[in-house]
Amino acid sequence: MEFIGECSFFMMENTVKSLRMEQKKPFCAYLYDLPKLRNHVHQLTTSLPSVSRLFYAIKANSDETLLRTLAPIVHGFEVASLGEIEKVRAVDKDIPILFGGPGKTQDEIEGAIDHKVTLINVESVHELQLVNYIASQKGTTVDILLRVNLRSSVPNARLKMAGVPTQFGIDEVNIPIAILLAKSLLNITLRGFHFHAMSNNLDSKGHAEFVDRCFELSKTWEENFDFDIFYLNVGGGIGINYQDIENQFNWMDFMDRLNRVLAKHKDANWEVLFECGRYITSSCGYYAAEVLDIKQNHGEYFCVVRGGSHHLRLPAAWKQSHPFTIIPIEKWPYPFIRPKINEAVVTVAGELCTPNDILARDINVPSLKAGDILLFSYVGAYGWAISHHDFLSHPHPDYYYIEADTISGSGSKMEASNKSDRTPAAGVP
Ligand SMILES: *Cc1c(COP(=O)(O)O)cnc(C)c1O
């Protein structure tokens, strides 16, 4: 594996420290390590079996710089709205697009056809009629996949879109009706099935069994209804372990198992599409928030940071603590005593006026001072993208995009890179 220009954690801390020194206001920023993103995706695409294609589900983070970084190294993008189609086309006019999501409007389907999406993942029998109708009005045909809402066999992930009653896809038991209808409609071509069923699955064995089940069902339908499948879209849903960051989804074990599943179904000869969001961008993103205050209320310590759930809603949404490290800052500008705790248990709160603005609860810290910076990791997916940015009208965070030898972004100084900081420390991979 290559690590070209990627920041180690130590280097990221030094980067934040030097950026902090250049500005007067309390520090609050998202930082994206672009070499790390490239290395990670390179590792995924080179380890996937040759029949597989890796798409990036942009709703996890549709930041333009990330899309530009990813466009040359993924097979395409998965989108769920016309807005997302336009974001993709703004960075790449030809890259393959998969268009999914429930409740597609006529405008969106027209836009998808005009923007030449590769496949539309159809979510209901009504939508099948609508796509066919719009395609016929335009005098064209559209390649589609039917999105299946499985009755079972979905791993026990954090969020389930299938295997339980939800608004997504077509009930497995109604797929035969949808296939017959699709075959009878003149302006759509059925190319296979779409099975996105979960989010944040950490179980590589369960994920491979799920792919196996997708093959089994699709083969039965192909045989029973006499048509040719080209694509099996097994969705995204590979997770990040936010509670134990040393213990992540075992990708190489998943590759071993996936190869065995593919060998078992080698007669099928289909392209297997993955459309991962979280697993692709989560690890390249960091959120740095300066500690503004530390206090004790009702016997418990709280630290309050510049920032909070309006920038990073994920921990509040999932009622969990988000992993972070402390970057100690020595400078203290005031002539009065600096709030400080040692060997204490602390809850990290944001600056919003709601008790729900919690980033991490009951965390043991060796030492924490006002003015230190908390560096949250694994925030590149479903961080800023899902947050309510303007609640309370606090300033937005700055953005820094880290390359091997430059940093660009919205912060006060852009050419902040200090080369000596970015030479790998001894023993750092
Ligand atoms: C959100 C979504 C994805 C990506 O899910 P992750 O859990 O981020 O991998 C893929 N496909 C569809 C249809 C989605 O809605």
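Residues numbered from 1 in each chain as written. Predicted model: local features only at pLDDT ≥ 70, side-chain atom pairs only at ≥ 80, totals over all residues. Heavy atoms only, no water.

## What about the domain arrangement of the protein?
Domain assignment breaks the protein into domain 1 (6-32 + 285-424) and domain 2 (96-276). For domain 1 and domain 2, the distance between their C-alpha centroids amounts to 38 Å. Opposite the eight residues of domain 1 that make contact, domain 2 presents eight residues. Regarding the contact of domain 1 and domain 2, the summed buried area is about 830 Å², with carbon and sulfur atoms giving 61% of it. At the surface where domain 1 touches domain 2, the tally comes to two residue pairs in polar contact (both at pLDDT 80 or more). (Domains from an automatic or database assignment. Contact = heavy atoms within 4.5 Å. Buried area = accessible area lost by both parts, 1.4 Å probe. Polar contact = N/O pair within 3.5 Å; in protein donor to acceptor, adjacent residues only side chain to side chain.)

## Re the packing of helix α6 (residues 125-137) against helix α7 (residues 175-184)
The description of two helices packed together rests on the angle between their axes and the distance between the axes. Taken N-terminus to C-terminus, the directions of α6 and α7 make an angle of 10°; their axes are 10 Å apart at the nearest point. One way to sum up the angle between α6 and α7 is to call them roughly parallel. Along its contact with α6, which presents Val125, Leu128 and Gln129, the element α7 presents Ala178, Leu181 and Ala182. Class assignment of the residues belonging to the contact of α6 with α7 gives a composition of five nonpolar, one polar and no charged. (Axes fitted to C-alpha atoms, helices over the stretch in contact; angles between N-to-C directions. Helix = DSSP H or I, 4+ residues; strand = E, 2+ residues; numbered from the N terminus. Parallel < 35°, antiparallel > 145°, perpendicular 65-115°, else oblique. Nonpolar A, V, L, I, M, F, W, Y, C, P; charged D, E, K, R; others polar.)

## Looking at the environment of Tyr382
Mapped onto the elements, Tyr382 comes out in the loop between β18 (373-376) and β19 (398-402). Sequence separation of Tyr382 and Asp362 is 20 residues, and the distance between their C-alpha atoms is 23 Å. Look past the residues within four positions of Tyr382 in its chain and what remains in contact with it is Lys59, Ala60, Arg278 and Leu314.

## So, the pattern of salt bridges
A side chain with one charge can pair with a side chain of the opposite charge if their charged atoms come near. Within the structure shown, the criterion is met by 20 salt bridges. The closest approach of N and O atoms between Lys219 and Asp267, which form a salt bridge, is 3.1 Å. Of the two residues, Lys219 is situated in helix α8 (residues 204-225) and Asp267 in the loop between α9 (251-264) and β12 (271-276); the sequence distance between them amounts to 48 residues. For Asp267, a relative accessible area of 59% gives the class exposed. When the shortest N-O distance is used, the salt bridge between Glu351 and Arg306 registers 3.1 Å. Taken as a pair, Glu351 in the loop between β16 (340-349) and β17 (358-369) and Arg306 in the loop between β14 (300-305) and α11 (314-317) lie far apart in primary sequence, 45 residues in all. Using a relative accessible area of 10% as the deciding quantity, one classes Arg306 as buried. (Salt bridge = Lys/Arg side-chain N within 4 Å of Asp/Glu carboxyl O. Buried < 20%, exposed > 50% of the residue type's maximum accessible area, 1.4 Å probe, protein only.)

## Side note on the UniProt feature "domain: Orn/DAP/Arg decarboxylase 2 N-terminal" (unreviewed entry) in the protein
Those residues carrying the UniProt feature "domain: Orn/DAP/Arg decarboxylase 2 N-terminal" (unreviewed entry) are residues 36-281 in this numbering. Span residues 36-281 is 41% helix and 19% strand, its end C-alpha atoms 10 Å apart. (UniProt positions renumbered as here; feature names shortened; annotations may be inferred.)

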